Amino acid sequence: MHSSFDTRQWHLSLRQYFFGHKHCYLCRQASLDIICSCCLSDTALPHFAVPGFDLIHHPSIVENIVYPYFNHLYALGEYKGILRQLITELKFANKPLCAEVLATLFVHFTYTRMSQLDDLPDALVPTPLSAWRYAQRGFNQARLLTQALSRFTDIPIIEPLKRARHTQAQSQLDKTDRLANMENAFCLVDDIDCDHIAVIDDVLTTGATVNSACKAIVSAYPDIRISVWSMAVTPLTKPEILKSAYSSGDI
Ligand SMILES: [Zn+2]
């Protein structure tokens, strides 16, 4: 019994040696894990002050969204530094391994806090790309992230959403046009049999894309609880927060 366990361990370590990662993706030092322990404890990552904090209470982030159709928002950190680099490489340099790296960081810093709060979703939902964008890019970065997150967390994936139409790239538009561009951009193509789901995306800028996806879900399931898991977010700057508070009559 004992020896068969040892044999299994030996096979496992051998497999890890030959097929595992030889280098840390971030610092290139020898490592069997995709991110070495030094990089995982590196404070240079653009984290928020409290990694894993529900950002729905963060004014510089939710002020951006006129009416959020989701209940919780979790992100690794700001869209800059290594997070911006990893997301850009994932989307535009055809490096799917970046999805594994981002998911590893998300699970280490953000998911750990959620599991302590006992606030985990029943299923993960990738934000869909339009068929046109999918054909152009060849993959959906949100689905790659969702697949890695599902493997690490054992939370199943469901895909009830579809793009109702092709939309212009959000990065080419200003805030007002982004909202109009995303109006009714998603529709439901499958039932959702869960109380709490997490919608996954790579980066949240104005929140228009992910909010439109959540609106399509809430229209059909008004009592569902939705968390948004975004790898990074772009917070408003201080002058933008003041402008937003001024226009809403808060000051
Ligand atoms: Zn490293």
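Every chain is numbered independently, its residues counted from 1 as its sequence is written. For a predicted model such as this one, the threshold for reporting local features is a pLDDT of at least 70, and the threshold for listing and counting side-chain atom pairs is 80 or more; totals across whole chains, interfaces and linings nevertheless cover every residue. Side-chain measures here rest on the full set of heavy atoms in the structure, leaving out hydrogens and waters.

## Describing the environment of Thr234
Short version of the rule: By the criteria applied, helices consist of DSSP H or I runs no shorter than four residues and strands consist of E runs no shorter than two, each listed in order from the N terminus. The buried label goes to any residue with under 20% of its type's maximum accessible area, the exposed label to any with over 50%, and the partly exposed label to all in between, with areas taken from a 1.4 Å probe on protein chains only.
Secondary-structure assignment places Thr234 in the loop between strand 6 (225–233) and helix 10 (238–247). Taking relative accessible area as the criterion, Thr234 reaches 29% and is therefore assigned partly exposed. Measuring from C-alpha to C-alpha, the distance between Thr234 and Leu204 comes to 6.4 Å, with 30 residues separating the pair along the chain.

## Examining helix 7 (residues 141–153)
What counts, and what does not: A helix's residues, less one, multiplied by 1.5 Å, set its expected span. Residues are treated as being in contact if the distance between any of their heavy atoms lies within 4.5 Å.
Taking 1.5 Å as the rise per residue, helix 7 with 13 residues should run 18 Å; its terminal C-alpha atoms sit 18 Å apart, in good agreement. All of the buried residues in helix 7 are Gln141, Ala142, Leu145, Thr146, Ala148, Leu149, Ser150 and Thr153. Of the surrounding elements, those touching the buried residues of helix 7 are helix 4 (81–92), helix 5 (97–116), strand 2 (123–126), helix 6 (131–137), strand 5 (196–204) and strand 6. Following helix 7 by one or two positions, Asp154 has its phi on the positive side, about 65°.

## Focus on the coordination of the zinc ion
Short version of the rule: Keep in mind that water is not among the atoms, so a site may look incomplete; donors are the N, O and S atoms within 2.8 Å of the metal, or 3.2 Å for Na, K and Ca.
At the metal site, the zinc ion is ligated by Cys24 (SG), Cys27 (SG), Cys36 (SG) and Cys39 (SG), and these contacts range over 2.3 Å. Sequence positions of the donors to the zinc ion reduce to the motif C-x2-C-x8-C-x2-C. Here the residue Cys24 occupies a position in the loop between helix 1 (2–19) and helix 2 (37–40), and Cys39 occupies one in helix 2, the gap between them amounting to 15 residues. Exposure class is identical for Cys24 and Cys39. Each is buried.

## Let's talk about the side chain of Glu89
Considering the arrangement of structural elements, one finds Glu89 in helix 4. Those residues in contact with Glu89 that lie beyond four places of it in its chain are Tyr25, Asn94, Lys95 and Cys98.

## Comments concerning the environment of His108
If you trace the backbone, His108 turns up in helix 5. In the structure, His108 is positioned 56 residues away from Gly52 in sequence and 9.7 Å away in space, judged by C-alpha atoms.

## Comments concerning the pattern of salt bridges
Note the cut-off: Between Lys or Arg on one side and Asp or Glu on the other, a salt bridge is scored when a side-chain nitrogen of the former is within 4 Å of a carboxyl oxygen of the latter.
Applying the stated criterion to the full structure yields 5 salt bridges. Ionic pairing is found between Arg151 and Glu100, a salt bridge with its closest N-O pair at 2.6 Å. Here Glu100 lies in helix 5 and Arg151 lies in helix 7, a separation of 51 residues in the sequence. Between Glu159 and Arg143 there is a salt bridge, and its shortest N-O distance comes to 3.1 Å. Taken together, the positions of Glu159 in the loop between helix 7 and strand 3 (161–163) and Arg143 in helix 7 put the pair 16 residues apart, joining distant regions of the chain. Take Arg143: its relative accessible area is 27%, and that puts it in the partly exposed class.

## A closer look at the sheet that holds strand 2
Paired through their backbone hydrogen bonds, the strands of a sheet run either parallel or antiparallel. Inclusion rule: Criterion used throughout: strands pair if DSSP finds at least two bridges between them. In this description, a line fitted to the C-alpha atoms serves as the axis of each element, helices being fitted only across the stretch in contact, and the angle between N-to-C directions of two axes falls anywhere from 0 to 180 degrees.
Taking strand neighbours across the sheet as the criterion, the 4 strands line up as 1-6-5-2 in an open arrangement whose pairing is parallel. Each edge of the open sheet is held by one strand with a lone partner, namely strand 1 (72–78) and strand 2. Shown here is a sheet whose adjacent strand axes are inclined to one another by a mean of 20°, direction ignored. With 6 bridges connecting them, strand 1 and strand 6 associate as parallel partners. Looking across to strand 6, one finds that Glu78 is bridged to Val233. Across the sheet, helix 5 is in contact with strand 1 and strand 6; its angle to strand 1 comes to roughly 130°. Of the strands in this sheet, strand 2, strand 5 and strand 6 are in contact with helix 7, which crosses strand 5 at around 130°.

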